[in-house]
Amino acid sequence: MTTLAPGMSWVDLQFLGRSKAIAAVVIQGPAGTVIVDPGPTTCLATLDLALQRHGTRWSEVTALLLTHIHLDHAGATGTILREHPGITVYVHERGAPHMINPEKLLASATRLYGADMDRLWGEFAAVPEANVVVLRGGERIEAGGRTFDVAYTPGHASHHVSYYDAASGVAFVGDTAGVSIDGGYVLPPTPPPDINLELWRESVAAIEAWSPGTLFMTHFGPVMHVRPHLQSLMENLEQAARWVKETLDEPGTDEERASRYAERLRHDLRRHMTEAQMQAYPVAAPFEQLWLGLARYWRKKV
Ligand SMILES: [Zn+2]
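Reading guide: rules and limits
- Residues numbered from 1 in each chain as written.
- Predicted model: local features only at pLDDT ≥ 70, side-chain atom pairs only at ≥ 80, totals over all residues.
- Heavy atoms only, no water.
- Pairing = 2+ DSSP bridges.
- Helix = DSSP H or I, 4+ residues; strand = E, 2+ residues; numbered from the N terminus.
- Axes fitted to C-alpha atoms, helices over the stretch in contact; angles between N-to-C directions.
- Buried < 20%, exposed > 50% of the residue type's maximum accessible area, 1.4 Å probe, protein only.
- Salt bridge = Lys/Arg side-chain N within 4 Å of Asp/Glu carboxyl O.

Caption draft 1: Representation of the sheet that holds strand β3 (residues 23-29). Within the open sheet, the seven strands sit side by side as β1-β2-β3-β4-β5-β6-β7. Their pairing is mixed. A strand with exactly one partner marks an edge of an open sheet, and here the two such strands are β1 (2-5) and β7 (132-135). Sheet twist, expressed as the mean angle between neighbouring strand axes with direction ignored, is 25°. Here β1 pairs with strand β2 (residues 8-12) via three bridges, running antiparallel.

Caption draft 2: Structural view of unusual backbone geometry. Pro 192 connects to Pro 193 through a cis peptide bond whose omega is 5°. Considering the arrangement of structural elements, one finds Pro 193 in the loop between β11 (170-174) and α7 (197-209). Cis geometry is adopted by the peptide bond preceding Phe 220, which originates at His 219 and carries an omega value of 10°. Secondary-structure assignment places Phe 220 in the loop between β12 (214-217) and β13 (221-223). Phi angles above zero are rare outside glycine, and Leu 16 is one such case at about 55°. Here Leu 16 lies in the loop between β2 and β3. Owing to a relative accessible area of 39%, Leu 16 belongs among the partly exposed residues under this scheme.

Caption draft 3: Geometry of the pattern of salt bridges. This model, assessed by the stated rule, comprises 18 salt bridges. Among the ionic pairs, Glu 198 bridges to Lys 301, the shortest N-O distance being 2.9 Å. With Glu 198 in helix α7 and Lys 301 in helix α12 (residues 287-301), this pair connects stretches of sequence that are 103 residues apart. The partly exposed category is assigned to Glu 198, whose relative accessible area is 32%. Here the residues in one salt-bridge network are Asp 254, Arg 257 and Arg 299, joined through shared partners.

Next comes the structure, spelled out in C-alpha cells:
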C-alpha cells in the first residue's frame, strides 16, 4: 500500500495481473477502517493481501464508500459482505437498488462485456438492503470515526457520488475526474449508458468547489495539480464528444464508427505519451466503449 495522507493509503489492485488499472483506498479512522471502491471480485485476493500486509483485519472494516456501482469499482461489495455482514455500504440512491438486486446491472454489463464478464469481474453478489445507506449528495457522513462530505457527481454515471475528507484535503472522485496513468493524458471515461456532458461539467465544478489538495482517481491514483488536471479533463471531454458527433454523420456501421474513433483517440494519445504508457489506458477504459457512451448521449439528445 502507498500512503496518501496520515491514516490513508491506496492499493494497486493488479486488475488482470496489470498494474495501474484499478486502485482502492483504505482509510484508518478512530472508529474503524473505511474502504473507498473495493474493486471487482477478481481483485479481492489482492485487496485481502494488501490489508493483511498493512496489519488491518476485515473485522476492523466498518464501511465501504462506493463512488458508483460499475463493476470495476463496486463488484466485490456483496462478496465482501457475505463474509463480513457488519459492514455498511454507502451508495447513491440511483445505484442502491442495483446493489440490492443486481440482475439489471448485470444484464446491462453483459451486453457490454459478453462472455468476458466472469474473467473480468468475477462474482457480483447482492448486498443486503439493511447494510445500505442511501446518499443523494450534499450529506456529511461519519465513517470509521472520520467525516466525509458527499457530492452528487453524475456525468460518467447517473448515480456517481464523490467524497471529500476535509481533514486531509483528499477528494475521492471515482471516474468523474477521468483516467490518467502516470500523469499522462486525462482521458474521460465515457462508456454507456449514462454519459451526460452538461451534468459532467457541473460535477467537476462541484469537486472544484471543495478546493481539494488531492484528487484520488480509481484509474489511476492521486493527482495534486487539481485545477490543470480538471481543465485537461474538460478539454478532452469536449474534444471526444465532438469527434464522436462527427462519426455519427459518416457512412458505415456503428462498429466501423467506433473503431475509427478508437483509432483517432489512440493517435491523439500517442502524441502525448510513450507507447508503454498508452498500453495501460484501454485496460481501464476500452476505447470502442467510449464511443458507444458518447454516441448514445448524442442520439438521445436529438
Ligand atoms: Zn471505472
